[in-house]
Amino acid sequence: MSSPRGLIQVYTGDGKGKTTAALGLAVRAAGAGLKAAIVYFDKGGTHYSERSALAERFKGVIDFFATGLDRIDPKTGQFRLGVSPHDKAEAEKGLVMACRLLNGKQYDLVVLDEINSAVSLGMLGEEAVLEVLKAKPPETELVLTGRHAPESFIELADLVSEIKDVKHYFDEGVAARRGIDY
C-alpha cells in the first residue's frame, strides 16, 4: 500500500535547520518527479544562497517566491528587528501567493517558510492562515516552518518536528556563514 499524500507538516522550535529540512524535502520531492513551490515569508533580499541553486538547477521543478523586506542592512550587516506596516503588507502578499499556489493545484508540495514566525510576530493573523491550511487541496503536501508554531497549526498538522537548540556556534561569536547559514 502506498503512503497517503497531501499531509500537513510543521517544522518548529528554537534550533537551526527548519528551513534546511524543508529545502531537503523539496529536493527529495523533485528527485521523485514531483513539483514543489516555496513561499518565503519575511525573507526578502538576495543573500539566501539556496535561491540561486533553485533558480539555476531546479528551474521549473522547485519554484520559489520571496516576500518580505530585507532584514540585513547591506552596509552594516546588522539584522533589523521589529515589525513595520510594510512587513505586514509583504506577509499578506505571501499569503495571497500561497492561496494562489494551492488553488492552482500544479504543485505536489508547497512549503510556507517562516509562516509560523510571521504569525507569532503579528504579521499575519492566525485565523487567516488557518483558513488557507484548511482549504488546502487534499493531494498537496504542505510544510510550515518557523519558530513558535501556533497550537492550532500543531493540532491540525499530521507531522510536527520540533528542532531544539542544544548548542549553537553563534553563541561562541561565529558569524553567519554564506552557504551554510544563509
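These numbers were taken from a predicted model, which means no experiment stands behind them. (Residues numbered from 1 in each chain as written. Predicted model: local features only at pLDDT ≥ 70, side-chain atom pairs only at ≥ 80, totals over all residues. Heavy atoms only, no water.)

Engineer: Looking at this structure, I do not really get the packing of helix α3 (residues 85-104) against helix α5 (residues 126-134). What am I missing?
Structural biologist: Packed helices, taken two at a time, are described by their axes: the angle between them and the distance between them. At their nearest, the axes of α3 and α5 sit 10 Å apart, and the two run at 10° to each other. As far as their axial angle goes, α5 and α3 are roughly parallel. Contact residues: L95, C99 and L102 in α3; A128, V129 and V132 in α5. For the contact of α3 with α5, a count of residues per class yields six nonpolar, no polar and no charged. (Axes fitted to C-alpha atoms, helices over the stretch in contact; angles between N-to-C directions. Helix = DSSP H or I, 4+ residues; strand = E, 2+ residues; numbered from the N terminus. Parallel < 35°, antiparallel > 145°, perpendicular 65-115°, else oblique. Contact = heavy atoms within 4.5 Å. Nonpolar A, V, L, I, M, F, W, Y, C, P; charged D, E, K, R; others polar.)

Engineer: Quick question: what am I supposed to make of the packing of aromatic side chains here?
Structural biologist: Centre-to-centre distance and the angle between the planes together describe a pair of aromatic rings. This structure, assessed with the given rule, holds two aromatic pairs. When the ring of Y40 is compared with that of F64, the centres are 6.3 Å apart and the planes differ by 80°; the resulting orientation is edge-to-face. With Y40 in strand β2 (residues 36-40) and F64 in strand β3 (residues 62-66), this residue pair connects regions lying 24 residues apart in the sequence. Accessibility expressed as a relative area gives 0% for Y40, which makes it buried. Sitting over the ring of Y40, R51 keeps its end group 4.2 Å from the ring centre. Over the aromatic face of Y169 sits the side chain of R177, whose NZ or CZ is 4.5 Å from the ring centroid. (Phe/Tyr/Trp six-rings, centres within 6.5 Å; stacked < 30°, edge-to-face > 60°. Buried < 20%, exposed > 50% of the residue type's maximum accessible area, 1.4 Å probe, protein only. Lys NZ or Arg CZ within 6 Å of the ring centre and 35° of its normal.)

Engineer: How do you make sense of the pairing of β2 when you look at a structure like this?
Structural biologist: Two faces belong to every sheet, and in a regular strand the side chains alternate between them. Burial within β2 is extensive, with five of its five residues counted as buried. Here β2 shows two buried faces, one formed by A36, I38 and Y40 and the other by A37 and V39. Pairing of β2 with β3 involves five bridges; the strand directions are parallel. Paired with A36 across the strands is I62, a residue of β3. In terms of handedness, the path from β2 via helix α2 (residues 50-57) over to β3 forms a crossover that is right-handed. Judged from the five bridges that link them, β2 and strand β4 (residues 109-113) form a sheet pairing that is parallel. From the neighbouring strand, I38 faces β4, where its bridge partner is V111. (Pairing = 2+ DSSP bridges. Right-handed = clockwise from strand over helix to strand, strands pointing away.)

Engineer: I keep staring at unusual backbone geometry and nothing clicks. Help me out?
Structural biologist: With phi around 60°, D42 is a residue other than glycine that occupies positive phi space. You can call D42 buried: its relative accessible area is 17%. The phi torsion at E114 lies on the positive side, around 70°, for a residue other than glycine. In this structure E114 comes out as buried when scored by relative accessible area, which is 18%.

Engineer: It is not clear to me how the pattern of salt bridges should be interpreted in this structure. Could you clarify?
Structural biologist: Charged atoms that come close allow side chains of opposite charge to pair. Enumeration according to the criterion identifies 10 salt bridges in this entry. Of the charged contacts, one joins R71 and D87 as a salt bridge, the two residues approaching to 3.4 Å between their closest N and O atoms. Here R71 is found in the loop between β3 and α3, whereas its partner D87 is found in helix α3, with 16 residues between them in sequence. Under the relative-accessibility criterion, R71 is labelled buried at 6%. Notably, a salt bridge pairs R80 with D87, separated by 3.0 Å at the nearest N-O pair. The exposure class of R80 is partly exposed, given its relative accessible area of 28%. (Salt bridge = Lys/Arg side-chain N within 4 Å of Asp/Glu carboxyl O.)

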